[in-house]
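Chain residues, written in single-letter form:
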Amino acid sequence: MIVVGAGPVGLALAAELALGGVSVRVLERRDSPDPAMRAQSINVPTAEALDRRGLLPALERIQRETLGVAGFRFTGHFAGMPLDPGLVDWADPELAAHTAVEGARMIPQPRLEELLAGHAERLGVHVRRGVEVTALEDTGSGVVVGTNTGSLRAGWVVGCDGGHSTVRRLAGIPFPGTDPEITGYQAVVDMADPEKLADGWSWSPQGVYRYGPQPGRVATVEFDGGPADRSAPVTLADVQSSLRRVSGTDVTLTGLRAAPTRWSDNTRQAATYRSGRVFLAGDAAHVHPPFGGQGLNLGVGDAVNLGWKLAAVASGRAREALLDTYDAERRPVGAWVLDWTRAQIGVLRGDPKSGALRGVLADLLGTRDGTTYAVKQIAGVTQRVSLPGAHPWTGRYVPDVLLSDGTRLSDHAHEGGFLLLDRTAGAVFGELAAGRARVVRDDGAGVAGALVRPDGVVVWASDTTDPVGLEPALRQWAGSDLLSYR
Ligand SMILES: Cc1cc2nc3c(=O)[nH]c(=O)nc-3n(C[C@H](O)[C@H](O)[C@H](O)COP(=O)(O)OP(=O)(O)OC[C@H]3O[C@@H](n4cnc5c(N)ncnc54)[C@H](O)[C@@H]3O)c2cc1C
């Protein structure tokens, strides 16, 4: 198995593949990890995916070190309109069901990549740096991968090689979407005169800027038709010029504390996430502006969805048709994120009509229902896979389950594989699932049983001791009978 790209998505996917028992090589063209300042907000599904692999304590430590805050209720913003934590209905069932990871929601991307790299390495993943993929040939029974250091063969290849994906281009997968209108910069800088900037988000006819929340962190947005040269290096002078234009000040930046980034609102989704033996995940499959901090989260969601499926098929434990569920389950989530970010570009513009729209939205987001709606979307707690079954857990990421022995259900997921929560007195569900899922017995109250996929999605749940539906779910997802995918 070859994964192209050692960004957060490639690393997360490689770890899941290794956990699923397949040998993985990660090819990365960079000689060293990317120090650029990009993602910071981690949504609930991402934090829970890492929690299931035993990484929650490390995530909490990184958040404490970098933010100085252990647990806090992350809300985020919509198009620069902050979402007031005091207005959120935290008792909302979808929010209240997922609170175990509250101390792990703001992690700088380079630190997350470091954590994922260590995790993947412990699972036996080898990252080969300085290797750039330049050619691909899908032979039908495998893939020949051409690189600057020679050719390699693999059964399957996953392109996790970012928005400009070479794998996507070589596989001939179209990337339709909408063209950029903006250029944005983000940097952490030293400033001679920070008092010239207002804290938070500020609008002007030239664009938008944000100052904070950490000292020196600045971001700008200008509606200039997008960057003229997307590959040109980003300099302190670029960030200063943009900040001066949008803030209308002569603020002076004296140094960079972290590698700056430039982005646009180029918004596209791959026409398919799979072509034969080649898959796409992360930014290679979808790009969009970073508003609301969704891209890395979306990509990690792809990785954990694809990882166990591809491992099961590659090692002969499942039929190939299982792989079709990857595109079917992840494309709708990607399409939603693209629209969530496009909508924010619409209200960020400096023109009077967008300003009026911003006013209407600010009123709506100033209500308890409006804020709660937006916070739930950003947190990812409303995401679901369309699956048969009437139980409210079915198709959702499994909520926090505290067991009577003091452990949590996710503590039992570190080794990957399927989990079966069984709270029946006679271990009715566990007997059925033996050999197909790790059975977690509990005598606590609440849901009587649930079958959870390695990516945290519940495929069957029951409030009673009646096992109806469990055997078909086991056979479809965790057993050898995968004919139902056809
Ligand atoms: C300013 C900014 C803020 C952001 N904030 C957030 C946020 O708060 N939350 C969030 O979820 N997301 C955020 N994002 C988005 C997030 O950074 C990306 O979605 C994420 O990095 C995508 O990860 P990836 O692994 O798919 O791709 P990348 O991180 O781009 O990694 C791709 C890797 O592939 C390698 N590669 C490329 N081509 C080849 C090749 N031919 N051969 C070998 N290797 C190759 C690259 O060197 C790179 O290491 C932000 C982005 C920006 C720009």
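Residue indices begin from 1 for each chain and proceed along its sequence in written order. Predicted model: local features are reported for residues with pLDDT of at least 70 only, side-chain atom pairs are reported and counted for 80 or more only, and whole-chain, interface and lining totals are derived from all residues. Excluded from the side-chain calculations are hydrogens and water; all other atoms, namely the structure's heavy atoms, are used.

(A) Representation of the overall build of the protein chain within the structure. On a plain count of helices and strands, the protein chain comes out with 13 helices and 23 strands. For this measure, only C-alpha atoms enter the radius of gyration; the expected value for a globule follows 2.2 Å times N^0.38, where N is the number of residues. Over its C-alpha trace the protein chain gives a radius of gyration of 23 Å, about what one expects of a compact globule, namely 23 Å for 486 residues. For the C-alpha atoms alone, the extent of the protein chain along its principal axes is close to 70 × 55 × 40 Å. By definition, residues are in contact when any of their heavy atoms lie within 4.5 Å. Excluding contacts between residues fewer than 6 apart, the proportion of contacts in the protein chain whose partners are at least 24 apart in sequence is 70%. All accessible areas in this document rest on Shrake-Rupley with a 1.4 Å probe, and a residue is counted as covered only by the protein chains that are shown. Roughly 19400 Å² of accessible area belongs to the protein chain as shown, and the carbon and sulfur atoms make up 53% of that amount. Positive and negative side-chain charges in the protein chain, numbering 49 and 55 respectively, have mean positions lying 4 Å apart. The helix count covers DSSP runs of H or I at least four residues long, the strand count covers runs of E at least two residues long, and both are numbered beginning at the N terminus. For this count, His and the chain ends are skipped, Lys and Arg are scored as positive, and Asp and Glu as negative. To locate a charge, take NZ of a lysine, CZ of an arginine, CG of an aspartate or CD of a glutamate.

(B) Structural detail: unusual backbone geometry. Of note, the amide linkage connecting G212 to P213 takes the cis form, showing an omega dihedral of 0°. Among the structural elements, P213 can be located in the loop between strand 13 (207–211) and strand 14 (217–222). Residue A79 is not a glycine yet carries a positive backbone phi of 50°. For A79, the position within the fold is in the loop between strand 3 (77–78) and strand 4 (81–82). Per-residue accessibility, obtained with a 1.4 Å probe over protein chains only, is compared with the maximum for each type, and a residue is labelled buried under 20%, exposed over 50%, and partly exposed between these values. Taking relative accessible area as the criterion, A79 reaches 0% and is therefore assigned buried. Positive phi is not limited to glycine here, since A427 has a value of about 55°. With respect to the helices and strands, A427 occurs in the loop between strand 20 (419–422) and helix 12 (428–433).

(C) View of the site of the ligand. When we say a residue is near a molecule or strand, we mean one of its heavy atoms is within 4 Å of it. Close to the ligand lie 32 residues, the nearest being E28, R38, Q109, D283 and L296. A 3.5 Å cut-off defines polar contacts: any pair of N or O atoms within that distance qualifies, except that in protein one atom must be a possible hydrogen donor and the other a possible acceptor, and neighbouring residues in sequence count only when both atoms are side-chain atoms. Between an oxygen atom of the ligand and a side-chain N or O atom of E28, the distance comes to 2.6 Å. One of the side-chain nitrogen or oxygen atoms of R38 is found 2.8 Å away from an oxygen atom of the ligand. In isolation the ligand has 1000 Å² of accessible area, and contact with the protein removes 92% of it. The set of elements that each furnish at least two residues to the shell around the ligand consists of helix 1 (8–19), strand 2 (25–28), strand 15 (253–264) and helix 8 (295–314). With three residues, the single largest contributor to the shell around the ligand is helix 8.

(D) Just the sheet that holds strand 15, in detail. Only strands joined by at least two bridges in the DSSP assignment are considered to pair. If you walk across this open sheet you meet the five strands as 12-13-14-11-15, and the pairing is antiparallel. What marks the edges here is a single partner per strand, and that holds for strand 12 (200–204) and strand 15. The sheet shows a mean angle of 15° between the axes of neighbouring strands, direction not considered. As judged from the six bridges shared by strand 11 (residues 183–191) and strand 14, these two strands associate in the antiparallel manner. Paired with T183 across the strands is E222, a residue of strand 14. Each axis is a line fitted through C-alpha atoms, taken for helices only over the stretch in contact, and angles between the N-to-C directions span 0 to 180 degrees.

(E) How the structure looks around the UniProt feature "domain: FAD-binding" (unreviewed entry) in the protein chain. In the numbering adopted here, UniProt assigns the feature "domain: FAD-binding" (unreviewed entry) to residues 2–341. A distance of 31 Å separates the end C-alpha atoms of residues 2–341, which is 31% helix and 24% strand. UniProt positions are given in the numbering used here, feature names are shortened, and annotations may be inferred rather than shown by experiment.

(F) Expanded view of the sheet that holds strand 2. Strand order in this open sheet of six strands is 5-2-1-9-18-17, and the pairing throughout is mixed. Taken across any chain shown, the strands that pair with only one partner, and hence form the sheet edges, are strand 5 (126–129) and strand 17 (274–275). Packed on one face of the sheet, helix 1 meets strand 1 (2–4), strand 2, strand 5 and strand 9 (157–159) and runs near 165° to strand 1.

(G) Just the environment of L83, in detail. With respect to the helices and strands, the residue L83 is situated in the loop between strand 4 and helix 4 (93–96). With a relative accessible area of 2%, L83 lands in the buried category. Along the primary structure L83 and P233 are separated by 150 residues, whereas in three dimensions their C-alpha atoms are 34 Å apart. Setting aside residues no more than four positions away along its own chain, L83 makes contact with T75, G76, H77, F78, L365, T371, A374, V375 and I378.

(H) Spotlight on the packing of aromatic side chains. Think of it this way: a Phe, Tyr or Trp ring, Trp meaning its six-membered ring, pairs with another when their centres are within 6.5 Å, and the plane angle makes it stacked under 30 degrees, edge-to-face over 60, tilted otherwise. The final tally for this structure, using the stated rule, is eleven aromatic pairs. Look at Y273 and Y326: their rings are 5.7 Å apart centre to centre, the planes differ by 55°, and that puts the pair in the tilted class. With Y273 in the loop between strand 16 (267–269) and strand 17 and Y326 in helix 9 (residues 324–348), the pair connects residues that are 53 residues apart, well separated along the chain. Side by side, Y273 and Y326 carry an identical accessibility label, which is buried. Among the aromatic residues, ring-to-ring pairing joins F78, W336, W340 and Y373 into one connected group.

(I) Focus on the nonpolar core. The definition of a nonpolar core used throughout is a set of buried Ala, Val, Leu, Ile, Met, Phe, Trp, Tyr and Cys residues joined through side-chain atoms within 4.5 Å. If you look at the biggest cluster of nonpolar residues, it comprises 117 residues, and the most contacted ones within it are L17, V24, L310 and L451. The element that contributes the greatest number of residues to this core is helix 8, accounting for ten residues. Each residue touching L310, except ones within four places of it in the same chain, is listed here: M1, L17, W156, V158, F279 and L323. Counting 14 residues, the second-largest nonpolar core is a separate cluster that includes V401, A413, V458 and A461.

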